[in-house]
Amino acid sequence: MKIGQIHQRRLADTIVEQLESMILEGALQPGERLPAERALAEQFGVSRPSLREAMHKLAAKGLLVSRQGGGNYVAATLGSSFSDPLLGLLESHPEAQRDLLEFRHTLEADCAYYAAMRATDLDLQHLRNAYDALQACYDPLSATSRTEEGAADARFHLAIAEASHNTILLHTIRGLFDLLKRNVVTNIGGMYELRPETRLMLISQHRELFEAITEHRADDARASASRHIGYVQNVLAERREEEHRLARAQRREKH
């Protein structure tokens, strides 16, 4: 029997694997600057030449970007599913807004389910921070704009995706973050105009979802997320129908 030689793995490849895992898990985020070379080498317990070799390999893969005199960064475009022009196009078409809500209905229900099953104490602390920031936007004395409220709402849902410990769900939500943020801003504007009680409903739904996840009630978390998106879908469908009725009435008036 012929036995092949065992080749020792290069240290740089081990460093590459470690950094790739950190990017995949969300510990290193798009656009984030890595620690200085000396500090990072000390953290990994490796030589600077080995670290430098690993950086070159990651840059060749498009995962890192080196800036002259400015250090190494995770590629800012990593996981960006939609470009700015496409964001504007999607934002201006009601059908696309409806499609996004249908997509969120499935995606976020699963995120909530797995977050309730898998969230660590650290995940739950990050989720609480995001939840508290969102609740602060609902304060009647707050001067929070709808844009800021939309961003806080989107960050809350992103924190749930992070707590799910499912890398595909996480990077899908993260890649959609700008679109999600704009969608929330558009939604709440229309919903608040149509139903004055919408703000109270959102407060209640977010609290219900947050509690189900923090109490590790996975099925309840999935149901809460589904009810939340379903409510938004129903209100916005009602608003679209009202707009259609108004447009028909205006056309009749003109003729």
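Worth saying up front: this structure is predicted, and the values here are computed from it rather than measured.

## Points about empty space enclosed by the protein
Counted by the stated rule, this structure contains 3 cavities of 30 Å³ or more. What lines the largest cavity is simply Leu101, Arg104, Asp153, Val184, Asn187, Ile188, Met191, Leu202, His228, Ile229 and Val232. Secondary-structure elements contributing two or more residues to the lining of the largest cavity are helix H5 (94–118), helix H9 (177–194) and helix H11 (218–254). Of the residues forming the lining of the largest cavity, the biggest block, 4 residues, is contributed by H9. In terms of residue class, the lining of the largest cavity is built from 7 nonpolar, 2 polar and 2 charged.

## A few points about the nonpolar core
Counting residues in hydrophobic clusters, the biggest one holds 50 residues, and the most contacted among them are Ala112, Leu127, Phe156, Ile160, Met191, Leu209 and Ile213. Listing elements by their share of this core, those giving two or more residues are H5, helix H6 (121–137), helix H7 (146–163), helix H8 (167–175), H9, helix H10 (198–214) and H11. Here this core takes 9 residues from H5, the largest share from any one element. Each residue touching Leu209, except ones within four places of it in the same chain, is listed here: Ala112, Phe156, His157, Ile160, Ala221, Ser224 and Ala225. Judged by nonpolar contacts, the second largest core, of 17 residues, contains Ile15, Ala41, Ala54 and Leu64.

## Things to note about the pairing of strand S1 (residues 64–67)
As paired elements, S1 and strand S2 (residues 71–74) share 4 bridges and run antiparallel to each other. In the sheet register, Ser66 faces S2, and the bridge partner there is Asn72. Linking S1 to S2, which pair antiparallel, is a turn of 3 residues; within it Gly69 sits at a positive phi near 70°.

## Here we look at the packing of helix H2 (residues 37–44) against helix H3 (residues 48–60)
In the contact formed by H2 and H3, the axes pass within 9 Å of each other and the chain directions differ by 105°. With respect to each other, H2 and H3 are oriented roughly perpendicular. Side by side, H2 and H3 meet where Glu37, Arg38, Leu40, Ala41 and Phe44 of the first sit next to Arg48, Leu51, Arg52 and Met55 of the second.

Calculation rules
- All residue numbers refer to positions counted from 1 along the written sequence of the respective chain.
- Local features in a predicted model are, by the rule used here, given only for residues with pLDDT of at least 70; side-chain atom pairs are given and counted only at 80 or more, and totals for whole chains, interfaces and linings are based on all residues.
- The basis for every side-chain value is the complete set of non-hydrogen atoms in the structure, without hydrogens or water.
- A pocket, in this scheme, is an open set of points on a 1 Å grid over the protein atoms alone with protein on both sides within 12 Å along at least 5 of 7 lines, while a cavity is a set where a 1.4 Å probe fits but cannot get out; residues line either one if an atom lies within 4 Å of a point.
- Grid points are joined across faces, edges and corners, and a volume is the space filled by probe spheres set on the points.
- Secondary structure counts use DSSP, requiring at least four H or I residues in a row for a helix and at least two E residues in a row for a strand, with both numbered from the N terminus.
- As a working rule, the residues Ala, Val, Leu, Ile, Met, Phe, Trp, Tyr, Cys and Pro are called nonpolar, Asp, Glu, Lys and Arg charged, and the rest polar, with Gly in that last group.
- The set of buried Ala, Val, Leu, Ile, Met, Phe, Trp, Tyr and Cys residues whose side-chain atoms join them within 4.5 Å is what this entry labels a nonpolar core.
- Residue exposure (1.4 Å probe, protein chains only): buried if accessible area is under 20% of the type maximum, exposed if over 50%, otherwise partly exposed.
- The criterion used for residue contact is that any of the two residues' heavy atoms lie within 4.5 Å.
- We call two strands paired when DSSP finds no fewer than two bridges between them.
- Each axis is a line fitted through C-alpha atoms, taken for helices only over the stretch in contact, and angles between the N-to-C directions span 0 to 180 degrees.
- Oblique is the label for any angle not covered by the other classes, which are roughly parallel (under 35 degrees), roughly antiparallel (over 145) and roughly perpendicular (65 to 115).

Take it as geometry only, folks, not as evidence of what the structure does.
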